[in-house]
Every structure is written in C-alpha cells, then in structure tokens.
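# Summary of the model geometry
Given next are the chains, with one letter for each unit.
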Amino acid sequence: MKNFKQIIASIIAKATNIKEQELTDYIEKPKDTKNGDYAFPCFRLAKELKKAPPVIANEIKEKIEKDIEQAKEIDKVEIAGGYLNFYINKETLVTEVLNEIAKSEEYGKSDIGNGKNIVIDYSAPNIAKPFHIGHLRSTVIGGALYKIYKILGYNVIGINHLGDYGTQFGKLIEGYKLWGNEYDIEKDPINELTKIYIRINNLCKEDENVLNACRDNFKKLENGDKYCTELWEKFRNLSLQEFKKVYDLLESKFDSWNGEAFYSDKMPEVIEILEKTGKLQESQGAKIINLEEQGIDTPCIIEKSNGSTTYATRDLAAILYRSRKYDFDKALYVTSYEQILHFKQIFEVAKLLGLKEKYIKGLEHVSFGMVLLPTGKMSTREGNVIKLQDLLNEAIQRAKEIIEQKNPNLENKEEIAKQVGIGAVIFNDLANSRVKDEIFDWDTILNFQGETGPYIQYTYVRTKSVLKKAGYIPKEKDIKPDKLVDEYSLQILKLIYDFQEILIQVTEKNEPSILSRYLIELAKAYSSFYNENRIICEDKQLQDARIYLTYAAGKVLKSGANLLGINMPNEM
RNA sequence: GCACCAGUAGCUUAGUUGGAUAGAGUGUUCGGCUACGAACCGGAAGGUCGGGGGUUCGAAUCCCUCCUGGUGCACCA
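Everything quoted here is computed from the prediction, not taken from an experiment.

It is worth spelling out the overall build of chain A at this point. From N to C terminus, chain A includes 21 helices and twelve strands. By principal-axis analysis of the C-alpha atoms, chain A measures approximately 85 × 65 × 40 Å. Within chain A, buried positions represent 41% of all 572 residues. Considering only intrachain contacts with a sequence separation of at least 6, the fraction spanning at least 24 residues in chain A is 75%.

Around RNA strand B, a shell composed of 75 residues is seen, among which Ala-39, Phe-43, Gly-166, Lys-304 and Gly-450 lie nearest. For the surface near RNA strand B, the leading source of residues is helix H18 (residues 453-470), giving eight residues. A class-by-class count of the residues in the surface near RNA strand B yields 30 nonpolar, 26 polar and 19 charged.

So, on to the sheet that holds strand S10 (residues 363-368). Spatial ordering of the open sheet is given by S5-S4-S9-S10, a layout of four strands whose pairing is parallel. In the strand order of this sheet, the two ends are held by strand S5 (155-159) and S10, each with one partner. Mean inter-strand twist for the sheet, computed between neighbouring axes without regard to direction, equals 20°. By the bridge criterion, five bridges tie strand S4 (residues 117-121) to S5 in an arrangement that is parallel. In the strand pairing of S5, Ile-120 is matched with Gly-158. Where helix H13 (residues 340-350) meets the sheet, its contacts fall on strand S9 (330-336) and S10, and the angle it forms with S10 comes to roughly 180°.

Turning our attention to the nonpolar core. Counting residues in hydrophobic clusters, the biggest one holds 151 residues, and the most contacted among them are Ile-120, Ile-148 and Leu-522. Element by element, the count of residues in this core is highest for helix H21 (residues 540-564), at twelve residues. Apart from residues lying up to four places away in sequence, Leu-522 is in contact with Leu-495, Ala-553, Val-556 and Leu-557.

Moving on, we get to unusual backbone geometry. Look at Ala-124: it is not a glycine, yet its phi comes out positive at around 40°. By the secondary structure assignment, Ala-124 is in the loop between S4 and helix H6 (136-151). Even without glycine at this site, Asp-327 takes up a positive phi of about 45°.

Right, let's get into the environment of Ile-402. Position of Ile-402 among the secondary structure elements: in helix H15 (residues 388-406). Once the C-alpha coordinates of Ile-402 and Ala-417 are considered, the two residues, 15 residues apart in sequence, prove to be 8.8 Å apart.

Turning to helix H19 (residues 487-509), a few remarks are in order. An α-helical segment advances 3.6 residues per turn. Residues three or four places apart therefore align on the same side. With 23 residues, H19 should cover 33 Å at 1.5 Å per step; its first-to-last C-alpha distance of 31 Å lies within 8% of that length. Along H19, the helix axis deviates most sharply at Phe-499, where the bend reaches about 45°. Turning to H19, the residues buried within the fold contact helix H5 (90-103), H6, helix H20 (513-532) and H21. Directly after H19, the chain includes Asn-510, whose backbone phi takes a positive value near 50°.

Pairing within the open sheet is antiparallel, and its three strands lie in the order S1-S3-S2. A strand with exactly one partner marks an edge of an open sheet, and here the two such strands are strand S1 (38-41) and strand S2 (74-80). Going from strand to strand, the sheet's axes swing by 20° on average, the running direction of each strand aside. In this sheet, strand S3 (residues 83-88) lies alongside S1 in antiparallel orientation, the contact comprising four bridges. Bridged to Tyr-38 within S3 is Phe-86. Contacting S1, S2 and S3, helix H1 (residues 4-15) runs over the sheet at an angle of about 35° to S1. Contacts from helix H4 (residues 53-70) reach S2 and S3 within the one sheet, and its direction differs from that of S2 by about 165°.

The next thing to look at is helix H11 (residues 267-277). Taken together, the buried positions of H11 are occupied by Met-267, Val-270 and Leu-274. Angular distribution of buried residues about the axis of H11 spans 55°; they occupy a single face of the element. Exposed and facing more than 90 degrees away from the buried side of H11 are Pro-268, Glu-272, Glu-275 and Lys-276. Looking at the buried side of H11, the elements it contacts are strand S6 (280-283), strand S7 (286-289), strand S8 (300-303) and helix H12 (311-326). One or two residues past the end of H11 sits Gly-278, with phi positive at roughly 75°.

Right, let's talk about the packing of H6 against helix H16 (residues 413-430) for a bit. Running from amino to carboxyl end, H6 crosses H16 at an angle of 85°, the nearest separation of the two axes being 10 Å. Classified by the interaxial angle, the pair formed by H6 and H16 is roughly perpendicular. Judged by residue contacts, Leu-136, Arg-137, Val-140, Ile-141 and Ala-144 of H6 engage Ile-426, Asp-429 and Leu-430 from H16. Across the contact of H6 with H16, the residue classes break down as six nonpolar, no polar and two charged.

Moving on, we come to the environment of Ile-504. The residue Ile-504 is located in helix H19 in this model. Looking at Ile-504, the number of C-beta atoms within 10 Å reads 16, which means it is partly exposed.

With respect to the helices and strands, the residue Ile-127 is situated in the loop between S4 and H6. A residue is classified by how many C-beta atoms lie within 10 Å of it, and Ile-127, with 27 of them, is buried. Considered as a pair, Ile-127 and Arg-236 are 109 residues apart in the sequence and their alpha carbons are 6.0 Å apart. Other than its neighbours up to four places away in sequence, Ile-127 contacts Leu-162, Gly-163, Asp-164, Phe-235, Arg-236 and Ser-239.

What counts as what
Residues numbered from 1 in each chain as written. Chains lettered and ligands numbered in written order. Predicted model: local features only at pLDDT ≥ 70, side-chain atom pairs only at ≥ 80, totals over all residues. Helix = DSSP H or I, 4+ residues; strand = E, 2+ residues; numbered from the N terminus. Buried ≥ 20, exposed ≤ 12 C-beta atoms within 10 Å, placed from the backbone. Contact = placed C-beta atoms within 7 Å. Near = placed C-beta within 6 Å. Nonpolar A, V, L, I, M, F, W, Y, C, P; charged D, E, K, R; others polar. Pairing = 2+ DSSP bridges. Axes fitted to C-alpha atoms, helices over the stretch in contact; angles between N-to-C directions. Core = buried A, V, L, I, M, F, W, Y, C linked by C-beta atoms within 7 Å. Expected span 1.5 Å × (residues − 1). Bend = angle between axes of the 7 residues up to and from the residue. Arc of directions from axis to C-beta. Parallel < 35°, antiparallel > 145°, perpendicular 65-115°, else oblique.

Written out as structure tokens, the structure reads:
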C-alpha cells in the first residue's frame, strides 16, 4: 500500500533540510479529521529558525505547494496555527485499501519479520497445582504475541516452561510418603495433590525437620533417586492430562513442553562457566553471584547450601540452551510482575555466560499485573483460587443462556456458546495494558456488552449476515471509489489502512491490548456505518461498494480477533 | 527501610518518544426496531488527569517533592 506519511515526509524534506526519516517521526495524525489526515507541527523548528511557527508553516507551504498539486495522493495542505495539515485524496485511499484487501488471503500478513527467531516463554503452570485464573494472562498474552509475530513473518517458538521441578516436589513427595494412601490421586489428581500440598506446607511451617526432609527429597530427585523420580513422573503426567483440557478450550499451542526439569542435566555447565569467571562466591554455604555493582541489592543464588539448584540456575541453563537451539533474536518471558527482580538478576548473570551480544540484548521480560480476588491475593496454599476450567465453563454456560434468549433457533449452539464465552474471557484479559492489575469479578469478565469480545464477534456476525442476504461479493475492480468517500465509510477504511501499523506497534511494545483496542474501534466504526446507511439499496454501484466494504471490515475483524486467540462465529 | 510499578469521570480505562477542545466503555438519563441481526446506534449529564513546585511557546505526558495503593527484597517458583 502507498505510505501517505512517507509521501508527505519526502515532500517536506525537499523544502527543508530535515531528513525524511526524522520527518516521518514528527508527522502525526490529528485527532479531529477537520484538521486533515496528517499534520506536521512546526513548533519544533521555531527555535532553530528563530521564527514564529505559523510563519514557518506558511513558508513551507509556499515551497511545497507545487509538489502537493502534482502528488495525486494529496489533495491539499492548509495552515492552522503552527500546523501544516495535509488532506489525502480520498479515492486514492479507497482504492489502495480495497486493492490490499482483494490481494491478501490473510490480511496483515507480511514478511517484515524477515524470519528472525522469536522465543516466547509463556503459560508455564506449576505441575500438581490448580490451573487457575492467574495463569490465564500469561497464556493468552503469550499466545497473542505468538500469532502476531508469526503473521509479521517472524519464526516463532512457543515454549511452555512448566513448573515441574523444585522444592515443591520435595514437599509433595514427602506428603505422599506420609499420607498417600489417604488420597485418591488417580481419580482427581490436581485437587488431591493440592490437598497434600496444603497439608505438607502447614506441617513444614510447624516443623523445620519436615521442611529439611522436603528439601532433601528434591535433592534426591535431582540425583536421580528411583522412588522420587517415579513419583515425580506420575504427578507430572496426571497434571498434564488436566492442563490439556484447558489448553484445548483455549486452543493454546506450544512448540516445546520442556519445563524446568528438562534443564536438570544442563546446569553443571552453567555453574562451571560461572566458576571460571571468578564471580561465583560462597556465602552462607550457598554459591551466589553478587550483583551490587549492577545496582541489584539481592544476590542471585546459583546453588543452595544443600547443593541443589534454584529457579535462577534453571533459567540460566535455559538461556544457554535456547541460544544454541533456536539462535534467538528475541527471547520473551511472559510472567507476572512479581518476577521482575528475578529476571533482572538472571539477565545480568547471563552476561557472564560468554554469549553473543545479540542473545543478551534479545532477553526481555514481558511482565503483567496480577489477578486479585476482591479479598486479596489468590493462594493455592490457602485454597482460595478460582480454577480456569470453572471460569471457562461458566462463561460458556452464560453465553448459552443468552443464545437461548436471543436466538433460540440457532444451530450448533454448543459450539457457538463456546466461541462466545471463551472469546469474552480472552478479550477481557487482553483489553487492558499488561501492567494493570485486575480485580476478579464474574460480572465484569462475563459481560457481553460494550467493549467486549462478543461485541466484536457480533459486529462480525452482522457483516456475515449482510453478505448472506446480498448473496454475492462484487469484484474489487468493479467498485467505484467515489461511492465510499462519506465520513462513515472513510472511518472504516482508514482503520483498515492502519492494521499493519497496529500489529507492528504490538510487537514493539509486546502489548496485545493495542490490537484489542483497535478491534473495538473498527467494530464501532462498522456499527455506525451500518446504522447510518442502507447497504442493500437501489443504487447498484453504491450497493456493490458497500457490500465490498462490509466484506473488508469483516475480513479484518476476523483476522485481528484470530490473532488474539478469539474465534469468530458466522452466526450467534 | 530500599527498589520498581501504578494513581485520569461513580466504576473499568485510552492517551505517557511533550502538541490542536483529555477520548471510550459501564452505570445514570433521553431517543431510535412495519426495510440488511437492538449482544446495536445516537444524544445528555459526569474530569482540580492524586497534591504541590519546576522546565517549556505548549505538560496527563519530562524533572523535583510529598501522599495513596500494589509488588519485590538469599536458599519458593
């Protein structure tokens, strides 16, 4: 597609001695379309040129007037205060957008990622613990980033770095040893294991000896003890079976399920490298890296005083492994902001591993806010968690009730209720900036009106409905662009024009909510258009143009929603 | 105590590489289904952008300071 901003920048560049690249950064989009489609603020030149901004604007305008007249993409340029406001040629915009829609099978697909390798570490639930609503954000944020990087032409590797190792397993093993026969873990694995986990934790609090026995169990597990390893495998397999039920509902996919345990034989190398740097110190019986010089007060523990490893060591081994296996340009870690310090530490220690600069620079913690209950933090140990499966089932149930009420004759209600209910939950989690905490509230998450997933789905369903009624989709080359230059149509077209730019912004900030907001804007624009205009009407040319616009809007809504992990029903 | 993050309408929030009159949704309220799906659309009311200072032609945005809330701070992950 033609890049209007760049066209304007190159015209201004000829009239000034500012570089085109710099100009594209300065050129902005006015909030109010009265002020044109693009604007160049002259204020920043005032000091340098020692002239008032409107004077500068006027001078530039005189210099570029001839070029503007010649450029068929730009209609005119006007001065408003210190701004130069550019008005693009509407029919050019219409033609460009419709052409792009017609030629792309998957709208937004490009190769700007140039096959660069992006490793995304996300979801990562803990084995033997409930998969609760706190794990949803990592799963859906990581999943959305995965798809968005992919459509932009990156080579993406999704890793589910399962929490399948550590002292928690020592605890479970100890609990199972003590009371295993009291619980039926085959029948209801996670709930029964959770009971054991809570019980053993309480005992650990009372009795230091038990805690040490647990730590010892983990040590044994690391050393390949048969009893411990068999139990660990059993817990892991049973848990994974349950997790997969949730992943099936969310349609989450991973390229690798290598959890923490996978790195158990890869840590000696990390310790060896760190030993050689001379930075690994003994402290209180443990081996640590002191990071005070890097401005981090808390040292990074590489090996505990009993000789077993930590989360940090495993993450370092993972960095080493992933750099070799995937040759990553970026390695994203999608976890809650509680782990900010942890990642600061290991990214700092990673500099000591002798890796190429590219790998170190590629490490990035994509942190997000917490899901809190109205009463405060969720805790498996306290037993006050809301399980993801319960939330998803409730969402599907509520969607079904609404379908019964609004569209009782709908076919395959089950499947559509699933799409709508889960779409609502996913969108809710992706709608706000990552950094925001979220107070869990059933009615907020399962609201289907306003800025929600179902609103986007509903808008899409209406486009499908119109197309069905029309019975045809006209050929793009037969559309008369002058039929789509009204305010409502242009609003949609401008948004569609922006789609790829939005996807790029998402990857720059690793912030899927930018796409969520965009889809709301697009759905609103189409809804207004729909409300204001008859699409199927007497004027055949007008009808063709509007049907094609409907088709285009639907295509982009669907493409965008799918990138967020939301399915689009054809009816609802 | 130290560090990091957040504070925008009753509630949830967008806008934070400084730029034109701070935008939405929700709730409240008024209006719109005998023509394409009302899970929708349009209007109204609702803002000391946490407080105070500063920088600037211009600050929700940058700097300082204070207040409030959250998170983290060595053998959990």
